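# Commentary on secondary and tertiary structure
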Amino acid sequence: MASLNSDLFITSARYGNLEHKDPRSWERLDCPFCGGTQMLVIGFNDVVPGSESYVEWLRCANCLRGVVRNGDAVSPATLPLDTPRALEGDTLTAWNEVRACLSVGASTAAVMMCRKLLFHVAVEHGLPDKDSKGRGPTFAEALDHIEESDVFTARMRPWVERIKDVGNEANHDLAAISLAQARDVATFTRQLINLAYELDAMIAGPNTSDAHGDGSGD
Ligand SMILES: [Zn+2]
């Protein structure tokens, strides 16, 4: 435990040192990189914690990457929602961009990335990415196709109607999308990823879950 920070260079004379057992050398904070929850405190200045000029440098005890707290803002911010394990490649990159956009309040950009993801889902479920005139499908066509492919259930239909409007506004209108609308669209998209990718992966993959089906016995 004492060697966790032994790879760090500290550049100049220090105000003081903390022992690992000092409670001020540990903090509970969600890591924006790996989702770990324990942070080693590398250093902090001698102003009141939480005040505007307070600065604290932290290091995740799990992935060893660093975050900085300025006042009460932590950078990089913890990303909203989670990363589905079944995603890879372009789809994974697009989903991570959705989360990054939301974390900095870029709501219109987040919705546009969700639109892009929904097109991915539709095309991967059989929608041609271009028609005979070389035009890509509209957003409404993509959603209709996803519904026809039975990816989502009828109960999600009212949600889909809402997403359609917000998604079209993000692409065609100048009106700003609110963060609440963007979160709504992103949460829907997350559900859809679950239905379109994760369920299949869970069924096809090795049994990594400890939740055994109730009706599997014979
Ligand atoms: Zn971490």
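In short, a report on the structure. This structure is a prediction, so every number in the text was calculated from the model and none was measured. (Residues numbered from 1 in each chain as written. Predicted model: local features only at pLDDT ≥ 70, side-chain atom pairs only at ≥ 80, totals over all residues. Heavy atoms only, no water.)

In this section: the pairing of strand 2 (residues 38–44). When strand 1 (residues 26–28) meets strand 2, the two strands line up antiparallel, connected through 3 bridges. Its bridge partner lying in strand 2, E27 is registered against M39. With 5 bridges joining them, strand 2 and strand 3 (residues 55–60) adopt antiparallel strand pairing. Its bridge partner lying in strand 3, V41 is registered against L58. (Pairing = 2+ DSSP bridges. Helix = DSSP H or I, 4+ residues; strand = E, 2+ residues; numbered from the N terminus.)

Glancing now at the packing of helix 1 (residues 89–103) against helix 2 (residues 107–124). At a minimum axis separation of 8 Å, helix 1 and helix 2 run at an interaxial angle of 160 degrees. It follows that helix 1 is roughly antiparallel to helix 2 by the angle criterion. Once helix 1 is placed against helix 2, the crossing between them reads as left-handed. The residues of helix 2 that touch helix 1, namely those facing D90, T91, A94, W95, E97, V98, C101 and L102, are A109, A110, M113, C114, L117, H120 and E124. Across the contact of helix 1 with helix 2, the residue classes tally to 10 nonpolar, 2 polar and 3 charged. (Axes fitted to C-alpha atoms, helices over the stretch in contact; angles between N-to-C directions. Parallel < 35°, antiparallel > 145°, perpendicular 65-115°, else oblique. Left-handed = near helix turned anticlockwise from the far one by under 90°. Contact = heavy atoms within 4.5 Å. Nonpolar A, V, L, I, M, F, W, Y, C, P; charged D, E, K, R; others polar.)

Here we come to the sheet that holds strand 4 (residues 66–70). Overall, antiparallel pairing links the 5 strands, which are arranged 1-2-3-4-5 in an open sheet. Only two strands of the sheet have a single neighbouring strand rather than two, namely strand 1 and strand 5 (73–75). When strand polarity is set aside, the average angle formed by the axes of neighbouring strands in this sheet is 35 degrees.

The next subject is the environment of C60. Within the element layout of this structure, C60 appears in strand 3. We classify C60 as buried; its relative accessible area is 1%. When sequence neighbours within four positions are dropped, the list of residues in contact with C60 reads C31, C34, Q38, M39 and R65. (Buried < 20%, exposed > 50% of the residue type's maximum accessible area, 1.4 Å probe, protein only.)

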